[in-house]
Amino acid sequence: MTLCAMAMLISSACASLGPLGRVIQPLRFSEVPGERSTIRLVGPSARQPLGGAALRLWTRVRNPNPVGLTLSTLRADVSLEGTRAATGDFPLGLPLAAQAESDIPLDLSIDFADLPGLADVLRRAASSQGVAYQFDGTFSIEAGVLGRPTFGPMRLFEGRLGR
């Protein structure tokens, strides 16, 4: 296919998108049913002299758009029982087809030196009482000729640890 023919095809595809040629809907995030989000204690290390915790959250990412795109970055701010616990920056490069979804694990670290208020929350998590979490963030997508929009900050999903 020649470059000119390819440009005409892309141009006609964009024209058929109507308002989507200008606006992309944000991705939708949710907790993954059946996947267990976890928290576990980790011992002291050079990076975390007082020790910490490793947090694994599972999210389902859904593309509600009629065009494929790529989730390129995700910046996270996670709270446990209302107490800010962890931040993370995930360079993903996750391709999502039109109307498709994908389940992904997100691993974060909690440093005890920074978060003395989390002791009670971690005790409850360790005793399997379950701990509520909120995942707020900002994310960017690559949508080809439609651009590279960024969405957020906003609440992306929430759930419970240790269920």
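So, here is what we can say about the structure in this document. (Residues numbered from 1 in each chain as written. Predicted model: local features only at pLDDT ≥ 70, side-chain atom pairs only at ≥ 80, totals over all residues. Heavy atoms only, no water.)

Some thoughts on the overall build of the protein chain
Next, step 1: In terms of helices and strands, the protein chain carries two helices and eight strands.
Next, step 2: Secondary structure elements of the protein chain occur, N-terminal to C-terminal, as α-β-β-β-β-β-β-α-β-β.
Next, step 3: Evaluated residue by residue, the protein chain yields a buried proportion of 40% over its 163 residues.
Next, step 4: Contacts in the protein chain between residues far apart in sequence, at least 24 positions, make up 68% of those at least 6 positions apart. (Helix = DSSP H or I, 4+ residues; strand = E, 2+ residues; numbered from the N terminus. Buried < 20%, exposed > 50% of the residue type's maximum accessible area, 1.4 Å probe, protein only. Contact = heavy atoms within 4.5 Å.)

Topic: the nonpolar core
Next, step 1: Counting 37 residues, the largest nonpolar core has Leu27, Phe29, Leu80, Ile110, Phe135 and Phe139 as the members making the most contacts within it.
Next, step 2: For this core, the secondary-structure elements that each account for two or more residues are strand S3 (52-62), strand S4 (69-80), strand S5 (83-96), strand S6 (101-111), strand S7 (131-142) and strand S8 (150-161).
Next, step 3: It is S4 that provides the largest number of residues to this core, a total of six residues.
Next, step 4: Ignoring anything within four residues of it in the chain, the contact list for Phe139 reads Pro26, Leu27, Phe29, Leu71, Thr73, Leu74, Pro149, Thr150, Phe151, Met154 and Leu156. (Core = buried A, V, L, I, M, F, W, Y, C linked by side-chain atoms within 4.5 Å.)

Here's the deal with the pairing of strand S1 (residues 28-31)
Next, step 1: Here S1 shows a buried face lined by Phe29 and Glu31 and an unburied face lined by Arg28 and Ser30.
Next, step 2: Pairing geometry for S1 and S3, over four bridges, is antiparallel. Across the sheet, Arg28 pairs through a bridge with Arg62, a residue of S3. (Pairing = 2+ DSSP bridges.)

Some words on the pattern of salt bridges
Pairs can form between side chains of opposite charge whenever their charged atoms are close.
Next, step 1: All told, the structure shown has eight salt bridges when counted by the stated rule.
Next, step 2: The salt bridge involving Arg60 is made with Glu101; its shortest N-O contact spans 3.7 Å. A residue pair is termed long-range when its members are at least 10 positions apart, and Arg60 in strand S3 and Glu101 in strand S6 qualify at 41 residues.
Next, step 3: Take Glu101: its relative accessible area is 47%, and that puts it in the partly exposed class.
Next, step 4: Across the salt bridge formed by Asp103 and Arg60, the nearest N and O atoms sit 2.7 Å from each other. With Asp103 in strand S6 and Arg60 in strand S3, this pair connects stretches of sequence that are 43 residues apart.
Next, step 5: Each of Arg60, Glu101 and Asp103 takes part in one network of salt bridges that share partners. (Salt bridge = Lys/Arg side-chain N within 4 Å of Asp/Glu carboxyl O.)

As for the environment of Pro64
Next, step 1: Counting through the fold element by element, Pro64 comes out in the loop between S3 and S4.
Next, step 2: Residue classification places Pro64 among the buried positions, given a relative accessible area of 9%.
Next, step 3: Pro64 has contacts with Gln25, Pro26, Leu27, Arg28 and Gln99, leaving out every residue within four places of it along the chain.

A word on the packing of aromatic side chains
Next, step 1: A full pass over the atoms with the stated rule returns four aromatic pairs.
Next, step 2: Their ring planes at 85° and their centres at 6.0 Å tell us that Tyr133 and Phe157 sit as a pair that is edge-to-face. With Tyr133 in strand S7 and Phe157 in strand S8, this pair connects stretches of sequence that are 24 residues apart. Comparing Tyr133 with Phe157, the two get one shared label, buried.
Next, step 3: Residues Phe135 and Phe157 carry aromatic rings whose centres are separated by 4.6 Å and whose planes lie at 20° to one another, so their mutual orientation is stacked. Here Phe135 is found in strand S7, whereas its partner Phe157 is found in strand S8, with 22 residues between them in sequence. Assigned by exposure class, Phe135 and Phe157 land together as buried. (Phe/Tyr/Trp six-rings, centres within 6.5 Å; stacked < 30°, edge-to-face > 60°.)

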